[in-house]
Amino acid sequence: MGVPGWFARERADGDRFADLVDGTESPGDDEFAHELALVGGLRELGAGGAPDAETRQRIRDEIAGRLAEAEAPPKRRGHAVANLAAAAVALVLALGGVTLLLSKDALPGDPLYGIKRAGESASLGLTFDERDKAKKHLEFAANRVGELDELTRQDAPTAAYFTGLADFETDLRAGVSQLTALVTDQGGQTRLSELRTWARQQSDRLGLQVGSAPAEARDKFAAARVLLDKVQTRTTDLGSRLVCYTITTGSSDDLGAVPAAGDCVRNPDSPNAAVPPLTSTPPSSAPAGSPPPSSAPPPSSSAVDTATPTGPLTPPTGGTPPPVVATPPPTTRTLPPTTTTPKPPLISIPPLIPGLPPITIG
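Here is what the cut-offs are and how they apply
- Residues numbered from 1 in each chain as written.
- Predicted model: local features only at pLDDT ≥ 70, side-chain atom pairs only at ≥ 80, totals over all residues.
- Heavy atoms only, no water.
- Helix = DSSP H or I, 4+ residues; strand = E, 2+ residues; numbered from the N terminus.
- Buried < 20%, exposed > 50% of the residue type's maximum accessible area, 1.4 Å probe, protein only.
- Contact = heavy atoms within 4.5 Å.
- Areas by Shrake-Rupley, 256 points an atom, 1.4 Å probe, with all protein chains shown as cover.
- Disulfide = S-S within 2.5 Å.
- Expected span 1.5 Å × (residues − 1).
- Arc of directions from axis to C-beta.
- Phe/Tyr/Trp six-rings, centres within 6.5 Å; stacked < 30°, edge-to-face > 60°.
- Lys NZ or Arg CZ within 6 Å of the ring centre and 35° of its normal.
- Core = buried A, V, L, I, M, F, W, Y, C linked by side-chain atoms within 4.5 Å.
- Pairing = 2+ DSSP bridges.
- Salt bridge = Lys/Arg side-chain N within 4 Å of Asp/Glu carboxyl O.
- Lys, Arg positive; Asp, Glu negative; His and termini not counted.

A.B. asks: Give a description of the overall build of the protein chain that names residues and reports values.
C.D. replies: Secondary structure assignment for the protein chain yields 9 helices and 4 strands. Of the regular secondary structure in the protein chain, the N- to C-terminal order runs α-α-α-α-α-α-α-α-α-β-β-β-β. Per-residue burial over the protein chain gives 22% buried out of 362 residues. Intrachain contacts of the protein chain at a sequence separation of at least 6 include 54% that bridge at least 24 residues. Accessible surface, the protein chain as shown: approximately 27,000 Å² in total, 60% of it carbon and sulfur.

A.B. asks: Account for the state of the cysteines, naming residues and giving values.
C.D. replies: On inspection of all chains with the given rule, the structure shows 1 disulfide. Here Cys244 is linked by a disulfide to Cys264, with a sulfur-sulfur distance of 1.6 Å. Handedness here is read from the sign of the S-S torsion; for Cys244 and Cys264, about -105°, the answer is left-handed. Taken together, the residues span a long stretch of sequence, with Cys244 in the loop between helix H9 (218–240) and strand E1 (248–253) and Cys264 in the loop between strand E2 (256–259) and strand E3 (347–349) at a distance of 20 residues. Taking the relative accessible area as the measure of exposure, Cys244 reaches 2% and is therefore buried.

A.B. asks: How would you summarise helix H8 (residues 189–209) if you had to cite specific residues and measurements?
C.D. replies: In this model H8 runs 31 Å from its N-terminal to its C-terminal C-alpha over 21 residues, within 8% of the 30 Å that 1.5 Å per residue would give. When we look at burial in H8, the residues that qualify are Arg191, Leu192, Leu195, Trp198, Ala199, Gln202, Ser203, Leu206 and Gln209. Within H8, the buried residues cover an arc of 140° as seen down the axis, which keeps them to one side. Pointing more than 90 degrees away from the buried face of H8 are the exposed residues Thr190, Glu194 and Leu208.

A.B. asks: Residues and numbers for the packing of aromatic side chains, please.
C.D. replies: By the definition in use, this model includes 1 aromatic pair. Cation over ring: Lys220 sits above Phe162, and NZ or CZ is 5.7 Å from the ring centre.

A.B. asks: Give a description of the nonpolar core that names residues and reports values.
C.D. replies: Grouped together as the largest cluster of nonpolar side chains are 28 residues, with contacts concentrated most on Tyr161, Phe168, Leu172, Trp198, Leu206 and Phe221. Counting residues per element, the ones that place at least two in this core are helix H6 (130–154), helix H7 (158–186), H8 and H9. With near-sequence residues (within four places) excluded, Leu172 lies in contact with Leu138, Ala141, Trp198, Leu227, Leu228 and Val231. By size, the runner-up hydrophobic cluster in this structure holds 5 residues, among which are Val183, Leu238, Leu242 and Ile247.

A.B. asks: Explain helix H5 (residues 113–125) to me, using residue names and the numbers behind them.
C.D. replies: When the terminal C-alpha atoms of H5 are compared, their 19 Å separation across 13 residues agrees well with the 18 Å that a helix rising 1.5 Å per residue should span. Within H5, burial applies to Tyr113, Lys116, Arg117, Glu120 and Leu124. Projection of H5 onto a plane perpendicular to its axis shows the buried side chains occupying an angular sector of 95°, all on one side. Buried-residue contacts for H5 involve H6 and H7.

A.B. asks: Could you give an account of the pairing of E1, with specific residues and numbers?
C.D. replies: Pairing of E1 with E2, which is carried by 3 bridges, proceeds in the antiparallel orientation. Its bridge partner being in E2, Asp253 is matched across the sheet by Gly256. Between E1 and the antiparallel strand that follows it, E2, lie 2 residues.

A.B. asks: Tell me what's going on with the pattern of salt bridges, and back it up with residues and numbers.
C.D. replies: Here the structure, examined in full by the defined rule, presents 13 salt bridges. Asp171 is the salt-bridge partner of Arg144, the closest N and O atoms lying 3.9 Å from each other. Residue Arg144 is found in helix H6, and its partner Asp171 is found in helix H7; the two are separated by 27 residues along the sequence. For the pair shown, Arg144 and Asp171 are each scored as buried. Within this structure, Lys116, Arg117, Glu120, Arg144, Glu147, Asp167 and Asp171 form a network of salt bridges that share partners.

A.B. asks: Run through the side chain of Lys133, naming residues and quoting values.
C.D. replies: Note on placement: Lys133 falls in helix H6. Summary of buried charges: Lys133 has no salt-bridge partner, and the nearest side chain of opposite charge, Glu130, is 4.4 Å away. Not counting residues within four places of it along the chain, the set of residues in contact with Lys133 comprises Leu124, Thr127 and Gln178.

Bear in mind that shape data such as this cannot, by itself, settle questions of function.
See the structure below:
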């Protein structure tokens, strides 16, 4: 079947135009002039917007780098962050431990003194027994007195004395309040005696430091000693009320429970009730060699002599003889009769046939 003529002509024109565009053949007069002009304009426009050699190289390198990152295995970013955080925490703890160790000998006014106090607060927070916590407060207060002694040897500024004395009073009030609360609830004269002795010793230590302290800080020393005197008075008053039904007034101040006043009604069930001491015999004024006085009480006029008489009794003369009291006869108690009940048989079977006796086993 033949090809139509118009189709063959269009195909031949297309091939001719392709050859002209590729430049393999030269066009004739006005042959595809408009089409070839359009192709030439497009070629000039494309050549003007094309990147130069340097730009093409940069684009090529960027594409190659992106392809390399896509082909590389993914990094464990989460593990890296966790390891970095753990290292940072370990570094902070190590620095904190070293700093706390270096602050052990810090004095009031030193840069590390605040870290030392923070360590003491942490120690108190980790102590859950009230008695141990009270002891720690008093221990820290005694440490402040020792630090004040060091300040007097180093000619420290007045502000350092103010800081040390303020911290001393804070720990002193806290320790005394907790200890007196325990004594009020649980008793303990020994604890009060130990606290009174401790307060007297700290007052004596502060009294020796006043002369070497700055003049501006001596009033603070005097106030601290007054507070220690109040502690001694408080322990004495509270100890005298431990044997009473009413120990405290129910109120408290900066040193804890306030002892009650007034008459003391002794509580015999109190664990602090003291046994009355034995009274000793006063020295005798009799000369040496005389027999000691008898401690037996003198016979009473209403006492009855139960000694066996050695002779016949003679009625008193000039008086009425005492009435004779008849001796009652001895009483006899009649015991009730005892009856014994025979033990029942172990097993009893009724008669199987009427007229026969039952069967007993046992």
